There are 2 protein chains.
Amino acid sequence: MRRIIPGMLGAALVLCAAPRAGAQRFDLARCEIVDLTHPLNAQTLFWPTSPSSFTLERLAYGETPGGYFYAANSFCTPEHGGTHLDAPIHFSASGLTAERIPLRQLVAPLVVLDVTDSAARNPDYRLSPADVAAFERRFGRIPQGSIVALRTGWEKRWPDRKAYFGDDTPGDASRLHFPSYGVEAARILVEERRVAAIGLDTPSIDYGQSRDFMVHRIAAARDAPGLENLMNLDRLPPRGALMIALPVKIEGGSGGPVRAIALVPRGKGR
Amino acid sequence: MRRIIPGMLGAALVLCAAPRAGAQRFDLARCEIVDLTHPLNAQTLFWPTSPSSFTLERLAYGETPGGYFYAANSFCTPEHGGTHLDAPIHFSASGLTAERIPLRQLVAPLVVLDVTDSAARNPDYRLSPADVAAFERRFGRIPQGSIVALRTGWEKRWPDRKAYFGDDTPGDASRLHFPSYGVEAARILVEERRVAAIGLDTPSIDYGQSRDFMVHRIAAARDAPGLENLMNLDRLPPRGALMIALPVKIEGGSGGPVRAIALVPRGKGR
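Position numbers for residues start from 1 in each chain and track the written sequence from start to end. Here the convention is simple: chains get letters from A, ligands get numbers from 1, in the order in which they are written. Given that the model is predicted, a residue must reach a pLDDT of at least 70 before its local features are reported, and side-chain atom pairs must reach 80 or more before they are shown or counted; all residues, however, enter totals for whole chains, interfaces and linings. Only hydrogens and water are removed before side-chain values are computed, so all heavy atoms of the structure are retained for them.

Peer 1: Sorry, what's going on with the sheet that holds strand 5 (residues 55–63) of chain A here?
Peer 2: Within a sheet, neighbouring strands are paired by backbone hydrogen bonds and run either parallel or antiparallel to one another. Pairing between strands is defined by DSSP: at least two bridges between them are needed. Strands here are runs of E lasting at least two residues and helices are runs of H or I lasting at least four, both read from the DSSP assignment and numbered beginning at the N terminus. Pairing is antiparallel in the open sheet, where four strands are placed in the order 5(A)-6(A)-6(B)-5(B). If you trace the sheet from one side to the other, it starts and ends with strand 5 of chain A together with strand 5 (55–63) of chain B, each paired once. Sheet twist, expressed as the mean angle between neighbouring strand axes with direction ignored, is 5°. Strand direction decides the pairing type here: strand 5 of chain A and strand 6 (residues 69–78) of chain A, joined by eight bridges, are antiparallel. Within the sheet, the bridge partner assigned to Thr 55 of chain A lies in strand 6 of chain A and is Cys 76 of chain A. Helix axes are fitted only over the stretch in contact, all axes being lines through C-alpha atoms; the angle between N-to-C directions runs from 0 to 180 degrees.

Peer 1: Just checking my understanding: could you explain the packing of helix 4 (residues 183–192) of chain A against helix 5 (residues 214–221) of chain A for this structure?
Peer 2: Between two packed helices, what matters for the description is the angle formed by their axes and the separation of those axes. Residue and element names in this part refer to chain A. Packing of helix 4 against helix 5 brings their axes to within 9 Å, and their N-to-C directions diverge by 10°. The pairing of helix 4 with helix 5 is recorded here as roughly parallel in orientation. On helix 5, the residues that touch Val 183, Ala 186, Arg 187, Val 190 and Glu 191 of helix 4 are Met 214, Val 215, Ile 218 and Ala 219. Here the residues of the contact of helix 4 with helix 5 are counted per class, giving seven nonpolar, no polar and two charged. For this classification, under 35 degrees means roughly parallel, over 145 means roughly antiparallel, 65 to 115 means roughly perpendicular, and everything else is oblique. Here, residues are in contact when the closest pair of their heavy atoms is within 4.5 Å. The classification used treats Ala, Val, Leu, Ile, Met, Phe, Trp, Tyr, Cys and Pro as nonpolar, Asp, Glu, Lys and Arg as charged, and all other residues, Gly among them, as polar.

Peer 1: Explanation requested: the interface of chain A and chain B in the structure shown.
Peer 2: Many authors give the size of an interface as the accessible area that is lost as the parts come together. Facing the 78 residues of chain A at the interface are 79 residues of chain B. With both chains or domains summed, chain A and chain B bury close to 6700 Å², and 64% of this area falls on carbon and sulfur atoms. Buried area is understood as the total, over both parts, of accessible area removed when two parts are fitted together, assessed with a 1.4 Å probe. By the criterion of area lost to chain B, the three top residues of chain A are Phe 75, Lys 249 and Arg 259 of chain A, representing 12% of everything that side buries. Between Lys or Arg on one side and Asp or Glu on the other, a salt bridge is scored when a side-chain nitrogen of the former is within 4 Å of a carboxyl oxygen of the latter. In this assembly, chain A and chain B are joined by four salt bridges. Asp 35 of chain B serves as the salt-bridge partner of Lys 249 of chain A, at 3.0 Å between the closest nitrogen and oxygen.

Peer 1: Looking at this structure, I do not really get the pairing of strand 14 (residues 241–247) of chain A. What am I missing?
Peer 2: It is a general feature of regular strands that their side chains alternate between the two faces of the sheet. Residues and elements named next belong to chain A. Buried residues are those whose accessible area, probed at 1.4 Å on protein chains only, stays under 20% of the maximum for their type, while exposed residues exceed 50% and partly exposed ones sit between those limits. Among the seven residues in strand 14, seven count as buried, and that is most of the element. Across the two faces of strand 14 the burial is the same, with Ala 241, Met 243, Ala 245 and Pro 247 and Leu 242, Ile 244 and Leu 246 all buried. As defined by bridge partners, strand 8 (residues 107–114) adjoins strand 14 across four bridges and the pair is classed as antiparallel. Following the sheet pairing, Leu 110 is matched in strand 14 by Ala 241.

Quick look at the structure:
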């Protein structure tokens, strides 16, 4: 829905609807900015087999001889923990490394699929083709180039490892239980709808009991990044928000910490 | 310039101009997305006195017993190096830590002040009140809440340490020469115009020969973050772009790697 009215103020004027499903226009003054990112701290959760976690080392903190305050730190972290990006190379030898992912795949209209009820009944729940079909009947076809966020309700369990991963045995990833994408639904989203990226509020775009990580492999094969351990998905509308998920620009990285936010047109949030 | 036409499509419709100086509206489909971020790699520059630099450690790379490819790394880095954010606590004991900076200060209309010519003649050049006044005569008053980027042309010297810092003596920060903000211009921008953040394409919001880091202290006292070692500032218009500078969400951090991008309405870029 657009009408061009030329000539006014020397510029084309665009008659545009308030942001709606699939809209590409955002009025910053009329948007809420929602942070979808868990903070990085000593409680940040990593995969059970991760050799390390996030550590912050203080380099300076206090008054200097020059009479002013100064503080600085350094930090270390595996790429894959906390709210983070999976670059396609994480599961594909020919996949894009983190710094090469086109920004259009990281700044895009956001679609939120909600399987909270199903996941509450079954911690091994996986998004199904029927879930995608039900969403599209209600909200319209998921647009090419959009970012999909799967809401499972799991973010409320963060950072309790046993509740969030389903198990807290150190070094053991065989007994994990948490919901995620199903293989067929992932194929529909990535291969047919050709979405830009897929994310969710659990540790992995494959469910806890996955052994073959097929969803990772399907997404990586199409150079679609993953976004894991998102939060605040309960504050997003099914459609109409803009996702901005900007990862640390690690050259050759397989992923890394991401700061993910959403611009939500006022009146659209839940 | 706005007219509300109620009732159509059940939503208020807004007659809005194409993005212009100070505009808050952005049409993603009509914007170029410009990356303002240097990649993090072994060449990434840190302050001469930094005890370490960016390191990437490979954790896995290759075929797994499961028959699929898998790659992962971990990394370590000081907060202050490469394209990064200075949180206000970097130079103020009561300043905000990185994770607490309001997102409105990191997603805001962008103003680009260009001192390339002055800096080419004098590597100790500092933005002056006269430079700010000249910009405002030509492009209008710098809006409250906008982000200022100072373009000096220094990004072309990256990552040559001697050219970029003016000296490459290990551990010695006393002989640095690069341009930046001047103290009085910083006061005008931060205290009078009340901009959200100040950034530039050199290593520091204080010039190379600064001993008292007054610009850092002025910005920190007003909780205005700094953005250092930006790139691609030559691709930005003086006004009309949107800056999105999202730092790693380090709890208690004094700063950290930032992924900074700009949405530039087509036809507005240089």
